[in-house]
Amino acid sequence: MGRRTQTVLPTSPELMKPQIPTNVEEKFRRQSNKQAKYYNCSSKVLPSIKVGDSVSVRFRKQWKPGKVVAKSRYPGSFVVQIGLEQYRRNRRDIRISPRFETPSYIADDTDDQETQTKPLL
């Protein structure tokens, strides 16, 4: 990038002049496209999740049954209820799970508004 450091050894005056790089933006764009190409090879689009879906949620290195309560304000995140607690989880930590039955303590109780907790958004 810049010029070489001075030394007591004999050096050509041409080597002491700075070299200005060219095509920096083009090289950066090419490198970025190359990285995107290799990243997108293994990426996949996850199926969408709706509020009320029964899901499996990664919780402390285990998959536990839960229910989607709300979509979070953060992109790709959802508020899920595991037991009586609500957690915000990223989409990659949630799997759609038709095999799990929604436990009775998670079931919708629209009559009893006092026992329901506010979703974490």
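Before reading further, recall that the structure is shown in the block above.
About the cut-offs
Residues numbered from 1 in each chain as written. Predicted model: local features only at pLDDT ≥ 70, side-chain atom pairs only at ≥ 80, totals over all residues. Heavy atoms only, no water. Pairing = 2+ DSSP bridges. Helix = DSSP H or I, 4+ residues; strand = E, 2+ residues; numbered from the N terminus. Axes fitted to C-alpha atoms, helices over the stretch in contact; angles between N-to-C directions. Buried < 20%, exposed > 50% of the residue type's maximum accessible area, 1.4 Å probe, protein only. Lys, Arg positive; Asp, Glu negative; His and termini not counted. Salt bridge = Lys/Arg side-chain N within 4 Å of Asp/Glu carboxyl O. Contact = heavy atoms within 4.5 Å.

Draft legend 1. Highlighting the sheet that holds strand β2 (residues 62-71). Read from one edge to the other, the open sheet built from five strands follows the order β4-β3-β2-β1-β5, with strand pairing classed as antiparallel. The open sheet has two free edges, formed respectively by β4 (85-90) and β5 (94-96), since each of these has just one partner strand. In this sheet, neighbouring strand axes are inclined to one another by 45° on average, regardless of whether the strands run parallel or antiparallel.

Draft legend 2. Structural context of the side chain of Arg 89. Mapping Arg 89 onto the fold places it in strand β4. In this structure, Arg 89 is buried with no salt-bridge partner, the nearest side chain bearing the opposite charge being Asp 93 at 5.4 Å. Discounting residues that sit within four places of it in the chain, Arg 89 has contacts with Val 57, Arg 58, Phe 59, Gly 76, Ser 77, Phe 78, Val 80 and Ile 94.

Draft legend 3. Representation of the pattern of salt bridges in the model. One pass over the full model with this rule turns up four salt bridges. Two residues, Glu 14 and Lys 17, come together in a salt bridge whose shortest N-O distance is 3.3 Å. Residue Asp 93 is joined to Arg 58 by a salt bridge in which the shortest nitrogen-to-oxygen separation is 3.5 Å. In this pair, Asp 93 is assigned in the loop between β4 and β5 and Arg 58 in strand β1 (residues 54-59), connecting sequence segments 35 residues apart. Salt bridges sharing partners connect three or more residues here, namely Glu 26, Arg 29 and Arg 30.

Draft legend 4. Representation of the pairing of strand β3 (residues 77-82) within the structure. Counting buried residues along β3, six of its six residues qualify, which places the element largely inside the surrounding structure. Residues Ser 77, Val 79 and Gln 81 line one face of β3 and the alternating positions Phe 78, Val 80 and Ile 82 line the opposite face, and both faces are buried. By the bridge criterion, four bridges tie β2 to β3 in an arrangement that is antiparallel. Residue pairing across strands places Lys 71 opposite Phe 78, the latter belonging to β3. The antiparallel hairpin formed by β2 and β3 contains five residues in its connecting segment, where Gly 76 sits at a positive phi of about 75°. Relative to β4, β3 runs antiparallel, the two being bridged by six bridges. Paired with Phe 78 across the strands is Arg 89, a residue of β4.

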